[in-house]
Amino acid sequence: MLPLAPGGGMRAGAPSGRPMKAVAADFIKPSRRLTSFERLEIYNRQYWFRLKDCLYDDYPGLRAVLGDRRFERLACAYLARHPSQSFSLRNLGRRLAGFLESEPRWTAPHEKPALDMARLEWAHVEAYDNEAKPPLEAESLLAAAPARLRLKLQPHITLLHLDYELDGFLIQIRRAERLRTQASNALEERRSRPRRGLRRRLRPKPLFLAVHRHRDAVHYKRLEPGQFRLLSALQANATVAGACQAAAGAGAIPGDFAARLKSWFETWAALGWFCRLR
Amino acid sequence: MPANVFNGHTDFGIGIGLRVPHYDHILSRKPAVDWFEIISENFMVDGGQPLKVLDQILEQYRVVQHGVSAYFGSAEPLNREHLKKLKRLVQRTKTPWLTDHLCWGSVDGRYTHDLLPMPYTFAAARVAARKIRQARDFLEVPIAVENVSSYAEFHVSEMAEWEFLSEVVEQADCGILLDVNNIYVSSRNHGFDPFLYVNGIPAARVAQFHIAGHAKYEKYILDTHDHPVIDPVWKLYEHALGRTGRTATLLEWDARIPSFDEVHREALKANRFIENLDARKIAA
């Protein structure tokens, strides 16, 4: 769909170089009150309003990092490059993080926190309504041989290694959004206030997260680096033994490592993160 | 018609659209609502809160599915993956009939997420009717197509919108979800008589009505579903009811959504027209 002109109306020229007035008049009848151009413009504007609104709702954290105006420019550029290819608007942001990686100019000078936030917010979308397969019980783990056993993580889990500690930041933002929505549904009040105070609090600090769903609520669970390595290895189809080796890392395996592994697996099994043996 | 082949021989009364801001109210207070309409696409997901809420609703209420992205009017074939997901949802909800729009909205696998008007040509009617039949055969549920509100008309159109709608539903042998607000909006935008529209469609195929509010701009009316139903739309609804007899009716309120009670009260206003209709029948 043709991007809107800077003033928010339909562009005067078609991609072919012909005036849009002539193009519209070729196939749309004018009405008593509207020209063909104006009638087509209604659809052109509605398209952009609808899709930008969808990204606006799905990415409150990225909006807070960038501010509303920059977010809107980014949304337009992203949608122009990646029009929706799904029947569902739920999937509209699927390629946003990739877009930010390839075109960091839309988020400069906040490239890193913006990219981290886009990844975290997409993980949130995935955690919200991806499938939850029947979880594997802890007992079935104990009975299997770690050297041959491969585990699959639930489809709603995304493992993230972020450069910024964004989990608390996003929780705050989403809570504020929810309160605002509950206070009023009026469209005029949708635009968020500048979040400069919040943005200033962003400090680079590595963060390992598992974004997942538990009892129908999305959670951001912080992981130790070793836990992250282990789960990532399992996701990459390593055996449990191989993943545990990856978790131990290059350094010497600490004496209590076996006990820690047991405790990790117990927690993850209790959360229902493993869905079936492979 | 109260019960016909196009609405699965059901006799539903007045329903409202199931919307997120009302979930808590509905699940905690369990208000008496004859039926809910769900937007199919919102529940064509693999898990999580949407399906949990839906299952809770299904335990207590009758639900009818309403889609926004089948795009029977698009030139490309039906999306098989979309249909498979839709069928899984149909099996879950046991919707007695299923509705979507007589419109197009996708090209070459790219989606506008809009309900774009079709050129009213015999060729376009054939394409849409074939796709509706294919969808019905795959989904194994009666389908009713909704007339959309529109802001543009095409030079190539060969007939009026209501003639086109009739042509499609006759060819597809499917039902109509008659949106009287959409008729009103389009009549104002294009300058036709909305009563002529209602008189021109095959009343026996009407499976359901939609009523809604809209927003008025200087030069056109926009179908925003963010206001109460205005009197001229109620009059059109009454006239349409006179042709169809009492028929399942649903109020759409999708933006600036007020409290559940306010939405429900607005929907129940339809009762007075249904009661008038019944009274007239008895008197006759």
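Residues numbered from 1 in each chain as written. Chains lettered and ligands numbered in written order. Predicted model: local features only at pLDDT ≥ 70, side-chain atom pairs only at ≥ 80, totals over all residues.

What follows covers the overall build of chain B. For chain B, the helix and strand inventory stands at 10 helices and 12 strands. Its C-alpha radius of gyration of 18 Å places chain B within 12% of the 19 Å reference for a compact globule of 284 residues. For chain B, the spread of C-alpha atoms along the three principal axes comes to 50 × 50 × 40 Å. Here chain B holds 284 residues, and the buried ones make up 50% of them. (Helix = DSSP H or I, 4+ residues; strand = E, 2+ residues; numbered from the N terminus. Rg over C-alpha atoms; globule rule 2.2 N^0.38 Å. Buried ≥ 20, exposed ≤ 12 C-beta atoms within 10 Å, placed from the backbone.)

Take the interface of chain B and chain A next. Frequently, the measure chosen for interface size is the accessible area removed from exposure when the parts meet. Each partner contributes residues to the interface: chain B has 33 residues there, and chain A has 35 residues. Of all the secondary structure elements, the ones that give two or more residues to the side of chain B that touches chain A are α2 (49-60), β6 (110-116) and α6 (180-190) of chain B. Looking at which element gives the most residues to the side of chain B that touches chain A, the answer is β6(B), with six residues. Of the residues that constitute the side of chain B that touches chain A, the class distribution is 12 nonpolar, 13 polar and eight charged. (Contact = placed C-beta atoms within 7 Å. Nonpolar A, V, L, I, M, F, W, Y, C, P; charged D, E, K, R; others polar.)

Read once around its circumference, the closed barrel built from eight strands follows the order β1-β2-β3-β4-β7-β8-β9-β12 (chain B), with strand pairing classed as parallel. The sheet shows a mean angle of 30° between the axes of neighbouring strands, taken without regard to direction. (Pairing = 2+ DSSP bridges. Axes fitted to C-alpha atoms, helices over the stretch in contact; angles between N-to-C directions.)

Once that is clear, we can look at the pairing of strand β4 (residues 217-222) of chain A. Residue and element names in this part refer to chain A. Bridge analysis of strand β3 (residues 204-214) against β4 gives six bridges, and the strand direction is antiparallel. Paired with Leu209 across the strands is Arg222, a residue of β4. If you look at the hairpin formed by β3 and β4, you'll find two residues sitting between the two strands, and Arg215 has a positive phi there, around 50°.

Residue and element names in this part refer to chain A. Pairing within the open sheet is antiparallel, and its three strands lie in the order β2-β3-β4. This sheet does not close on itself; its edge strands, each paired only once, are β2 (158-164) and β4. This sheet shows a mean twist of 30° between the axes of neighbouring strands, independent of strand direction. Contacting β2, β3 and β4, helix α6 (residues 111-129) crosses the sheet at an angle of about 160° to β2. Along the sheet, helix α10 (residues 225-235) makes contact with β2 and β3, crossing β2 at roughly 140°.

To continue, consider helix α12 (residues 257-270) of chain A. Between its first and last C-alpha atoms α12(A) spans 20 Å; for 14 residues at 1.5 Å apiece the expected length is 20 Å, and the two agree. Backbone geometry just downstream of α12(A) places A:Gly272 in the positive-phi region, at approximately 75°. (Expected span 1.5 Å × (residues − 1).)

In this model, chain B carries a mean pLDDT of 96, and residues with pLDDT of at least 70 account for 99%. Interface predicted TM-score (ipTM) for the complex: 0.95; the corresponding pTM is 0.92. (pLDDT = per-residue confidence, 0-100.)

A few words on the environment of A:Pro3. Position of A:Pro3 relative to the elements: it lies in the segment before α1 (20-27). As for A:Pro3 and A:Ala80, which are separated by 77 residues in sequence, their C-alpha atoms are 6.8 Å apart.

What follows covers the pairing of strand β3 (residues 62-66) of chain B. Residues and elements named next belong to chain B. Counting buried residues along β3, four of its five residues qualify, which places the element largely inside the surrounding structure. Here five bridges tie strand β2 (residues 35-39) to β3, and the two strands are oriented parallel to one another. Looking at β3, one finds that Trp35 is bridged to Arg62. The β-α-β motif built from β2, the intervening α2 and the parallel element β3 has right-handed crossover chirality. Bridging between β3 and strand β4 (residues 98-101) involves two bridges; their strand directions are parallel. When the bridges of β4 are listed, His66 appears paired with Thr99. On the question of chirality, the crossover connecting β3 to the parallel β4 by way of helix α3 (residues 80-93) is right-handed. (Right-handed = clockwise from strand over helix to strand, strands pointing away.)

What follows deals with unusual backbone geometry. Of note, the bond from A:Ala108 into A:Pro109 is cis; its omega dihedral lies within 30 degrees of zero at 5°. Here A:Pro109 is to be found in the loop between α5 (96-102) and α6. Look at B:His113: it is not a glycine, yet its phi comes out positive at around 55°. Mapped onto the fold, B:His113 is located in strand β6.

Let us now look at helix α5 (residues 161-172) of chain B. Residue and element names in this part refer to chain B. For α5, with 12 residues, the first-to-last C-alpha span of 16 Å sits near the 16 Å given by 1.5 Å per residue. Each element contacted by the buried residues of α5 is listed here: α4 (122-139), β7 (143-146), β8 (175-179), α6 and α7 (194-200). Positive backbone phi, at 55°, marks Asp173, one or two positions downstream of α5.

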